[in-house]
Every structure is written in structure tokens, then in C-alpha cells.
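Residue strings, one per chain:
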Amino acid sequence: GAGVSQSPSNKVTEKGKDVELRCDPISGHTALYWYRQSLGQGLEFLIYFQGNSAPDKSGLPSDRFSAERTGGSVSTLTIQRTQQEDSAVYLCASSLAGGAPYEQYFGPGTRLTVT
Amino acid sequence: AQTVTQSQPEMSVQEAETVTLSCTYDTSESNYYLFWYKQPPSRQMILVIRQEAYKQQNATENRFSVNFQKAAKSFSLKISDSQLGDTAMYFCAFPNAGGTSYGKLTFGQGTILTVHP
């Protein structure tokens, strides 16, 4: 079946613009995670969804970052007034349920470049 | 909170040989899981192998096996008969077992493995 998909695969934007990153999880997966991968910070957690709710938003770096999930499926990560330090690869993962035993299936990521 | 440390930024190995990647972690939990993920140049992270802490036996998946030492909080990955397709970045990861961050992964810094022909 289809895996996790993300769009766009690459995004170049000017500093100060808003961007939206999309994640389509595997059908039936109730848990969805966003991570950010950058050279300086490595791989870091951003936010976790269980269904449409986000029990843990602790990894969002500032109030310029927000995310939502609708219909227990598609999720959108929005970055407002982008800054150069937001340049990174944004990875989305889904799993059958939230929890340690469940494998997380990752998408190919969106590479964001802020100029 | 748990921490995960990979002390080898880069490793290289000849095709068909064996290589071991190291990972240490710190946690106060008694029962947990540990994962190794592979990230090839395509960027797509793939689960390589998992270990349940309460299991004494080390996990094995084909050419991949782990050496899990719970007391030492060590979780190394051994790749036997290395193949060119094993070239990738490898991450050790620790999922949260509970609370509001259920399943959230804490990753090590990663080890870039290059397999030479």
C-alpha cells in the first residue's frame, strides 16, 4: 500500500513569508509525528498528534510554528514569517497507534530553504 | 528524559565485511524499546531493527543484529556481509513509553556509514 507522503519535496522561500508543509499518513494510522532535521540540531521532535488532537506540542520552537490535523488523516505544518534558521528538512511519520512498540513510518521529508 | 548518544560520526567498511555501530543511552525507565533507523541519501527513514528491553535475547533481522547490554545502557548495531546498499546514515532512537509524548522518538546524532566496493 501507499506509504507516508509529504509535499512539497523542496520549498525555497524568502525570509518573512509563510509556508505550509503537508503530510499524508498511512491510512488507518492514528498517530502522527513531525520532526525537524538540521545540520546543527540533528533530528528533533516537533509535535505529536493522536487523531486530531495534539497532546504534545512541546517541540515547536516558537509561536511562529503551528500544526493541525483534520479527519484523523492529513496534517499541515505552518511556519509564519520564516527565518533563515527555519531552513531544515521537515519529516513526518505515522504509526498505527501512539506508543513505544509501534513502528513509525517516515515520509521522504520536505527540504525548506529560507533565503 | 532520556538521552541517546552515538559517538561515531562516520564509519567505513569494505563490501562483505562486518561493521559495528555504537549507541549508548540513559533512561530511568525499566521497560522500554530501542530502535535503529537507516536514512539513505533519498532521505526516507527506514526501521532496521528493534529491541525490547525486557527480552534477554538480542534482536536479529537477516544481516543486522544488535548487542543489547541493559546494565551498561548500550545498544550497538552489527551489520554482517556489508553491501553497497547499506551506505546510509544510521540513527539510534528511543521512543517515549508514556505520558503525553507517547512514542515520541529521541534520536542519537547519527553515524554515516560508507560501504566501499
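We now turn to the structure provided with this report.

Calculation criteria
Within each chain, residues carry numbers counting from 1 in the order of the written sequence. As they are written, the chains are lettered A onward and the ligands numbered 1 onward, keeping that order. Residue-level local features of this predicted model are given only where pLDDT is at least 70; pairs of side-chain atoms are given and counted only at 80 or more, and the full residue set underlies all totals for whole chains, interfaces and linings. Note that water and hydrogens are dropped before the side-chain values are worked out from all heavy atoms of the structure. A 1.4 Å probe rolled over the protein chains alone gives each residue an accessible area, and that area as a share of the maximum for its type sets the label: buried under 20%, exposed over 50%, partly exposed in between. Helix numbering and strand numbering both begin at the N terminus, where a helix is a DSSP run of H or I of at least 4 residues and a strand a DSSP run of E of at least 2. Two strands pair if DSSP finds at least two bridges between them. For Phe, Tyr and Trp, rings pair up if their centres lie within 6.5 Å, where Trp contributes its six-membered ring, and each pair is then called stacked (planes under 30 degrees apart), edge-to-face (over 60) or tilted (otherwise).

This part takes up the pairing of strand β12 (residues 111-116) of chain B. Residues and elements named next belong to chain B. Of the two faces of β12, only the one carrying T111, L113 and V115 is buried; I112, T114 and H116 on the other face are not. Pairing analysis gives five bridges linking strand β2 (residues 10-14) to β12, with the strands arranged parallel. Paired with V13 across the strands is V115, a residue of β12. Looking at chain direction, strand β10 (residues 88-95) and β12 are connected through three bridges and run antiparallel. Bridge pairing in β12 places Y90 opposite T111.

Across all of its chains, the model carries 15 aromatic pairs over all chains by this definition. A centroid spacing of 5.4 Å and a plane angle of 80° characterise the contact between F106(A) and Y37(B), whose relative ring orientation is edge-to-face. Placement of the pair is F106(A) in strand β10 (residues 105-106) and Y37(B) in strand β5 (residues 33-39), with the two residues belonging to separate chains. One exposure class covers both F106(A) and Y37(B), and it is buried. Ring centres of F68(B) and F75(B) lie 6.3 Å apart, and the angle between their planes is 80°; this geometry places the pair in the edge-to-face category. In this structure, F68(B) and F75(B) share a single accessibility class: buried. Taken together, the ring pairs connect Y33(A), Y35(A), F45(A), Y48(A), F106(A), F35(B), Y37(B), F91(B) and F107(B) into an aromatic cluster.

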